[in-house]
Amino acid sequence: MTEHDPFGLRSLTVEQLRSTPGVKWQQHPGRLASWVADMDFPMAPAISERLGSIVDRGMVGYQKWGAGASPAGHAFVDRMASKYNWNIDVERVHDLADVLQGVRLAIGMLTEPGAGIALHTPAYHPFLHSLTDMDRRLVHAPFDIGELREVIAAERPAALLLCHPQNPTGRVFDRPQLEAIASIVEEFDLIVISDEIHSDLVYSPGQHIPFASVSPAMESRTITVTSTSKAFNLAGLRWAVMHVGIERFDAMLRSYPKHWFGSPNMFGVEAAVAAWAESDDWLAAVMGVLDENRHHLAELLDQYLPGALYRVPDATYLAWIDCSMLGDGDAPFELFQSRGVELSPGTQFGAGGSGHVRLNFATSPSVLEQVVATMAGESLA
Ligand SMILES: Cc1ncc(COP(=O)(O)O)c(C=O)c1O
């Protein structure tokens, strides 16, 4: 740790990372791990201090949170107001174990089997699996607004599952785009399930705008699901949150017997509070490294893998790279794997994924360079 790198984000080495216990570095031993969306950075000090103090107290019994949202649910309300100028009622906030739980609850309870669900593709693969598992019809949503309207008019889906910012492309929908989407939503009477888990990872001067905040009419049609797990690297703590703008869905959720959906884990709740309320200095440092890495990656690809096409993302630490110069389908993924790098295969993300890989660049600059050199079959050792 140095003045230039107070949180030790830039000095991580492959040797250190190989000894970390998570799935990222343990699932494919021997390969460099640039696949699952976990960062290589250790958690923010305010979070580890808070979790450490719970352990030190030695008491982890039932919590006195009362009915309604947990303290993390309240921290979510404060965060939305202070960072995004979106003022919401805590009564409409529900704690969850993870974001996918909220997405699946909304699809399952608000749409019927066979219903169309519009989704921008390529798409985060658990969304694709969710639709298949739940017998819903995937409606491919184009990014172009004119084309989106045509598809919605023709396919008449029941819902738009918005991934905002988008995984894997790293796109951020700006206000004019969100307003255009909103008018299509209104015209075709859709509900919106907006997964905003990557919202704290928008690069300046971009700005995240919660979809539901576009207008009161949109809020009343939207379920927003998010968590601290991507931006603060807390996925193993299993906590997420859902704002339910759709009144009848809120009533449906509340009509279930107590305990039906479970209740949150105190470590996940306390970590989320420390993340949103006390860790913005750490997040700013992380965004600094990620911002450098997203641009550095463009230079590294030019140097080591000329012909690879990469649009620098506006958000997220995920790079969506067209490597079709190395073949179709998952041929590039398999080649990189054989050279010693584990990426996410493009076809996993559905339409538009052939010849692509997704690379997670949330690591130190030197590990990133090692990853790209290894993809090219060169060794920096
Ligand atoms: C868009 C998106 N939604 C949801 C998740 C997973 O969140 P959770 O583990 O809370 O379900 C991810 C993880 O990468 C993601 O990228």
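Heads up: these notes are all about the structure in this document. Everything quoted here is computed from the prediction, not taken from an experiment.

Rules used throughout
- Residues numbered from 1 in each chain as written.
- Predicted model: local features only at pLDDT ≥ 70, side-chain atom pairs only at ≥ 80, totals over all residues.
- Heavy atoms only, no water.
- Buried < 20%, exposed > 50% of the residue type's maximum accessible area, 1.4 Å probe, protein only.
- Helix = DSSP H or I, 4+ residues; strand = E, 2+ residues; numbered from the N terminus.
- Pairing = 2+ DSSP bridges.
- Axes fitted to C-alpha atoms, helices over the stretch in contact; angles between N-to-C directions.
- 1 Å grid on protein atoms, 1.4 Å probe; cavity = no way out; pocket = protein on both sides within 12 Å on 5 of 7 lines; lining within 4 Å.
- Points joined across faces, edges and corners; volume = space filled by probe spheres on them.
- Nonpolar A, V, L, I, M, F, W, Y, C, P; charged D, E, K, R; others polar.

Judged by how many residues are buried, strand β8 (residues 240-244) sits mostly within the fold: 5 of 5 residues are covered. In this structure, strand β2 (residues 93-96) lies alongside β8, joined through 4 bridges in antiparallel fashion. The partner of Asp 95 across the bridge, within β8, is Val 241. Both strand β7 (residues 222-226) and β8 contribute to a ladder of 4 bridges, which runs antiparallel. What sits directly across from Thr 226, in β8, is Val 241.

Attention shifts here to the sheet that holds strand β6 (residues 191-195). The strand order across the open sheet built from 7 strands is β2-β8-β7-β6-β5-β3-β4, with neighbouring strands paired in mixed fashion. The open sheet is flanked by β2 and β4 (137-141), the only strands paired with a single partner. Taken over all neighbouring pairs, the strand axes of this sheet differ in orientation by 20° on average, direction set aside.

Spatially, 4 strands are ordered β9-β10-β13-β12 in an open sheet, and the strand pairing comes out antiparallel. Edge strands, defined here as strands with exactly one partner in the open sheet, are β9 (309-310) and β12 (344-345). Of the pairings in the sheet, the one linking β12 to strand β13 (residues 356-360) comprises 2 bridges and is antiparallel in character. Residue pairing in the sheet places Ser 344 in a bridge with Arg 358 of β13.

This brings us to the layout of surface pockets. Volume-wise, the largest pocket comes out at about 1,200 Å³. Gly 66, Gly 68, Gly 262, Ser 263 and Pro 264 are the residues nearest the centre of the largest pocket, which is lined by 36 residues in total. The set of elements that each furnish at least two residues to the lining of the largest pocket consists of α4 (71-84), β2, α5 (99-110) and α10 (247-255). At 4 residues, the largest contribution of residues to the lining of the largest pocket is made by β2. Among the residues making up the lining of the largest pocket, the classes are represented as 19 nonpolar, 12 polar and 5 charged. Within this model, the second largest pocket holds a volume of roughly 560 Å³.

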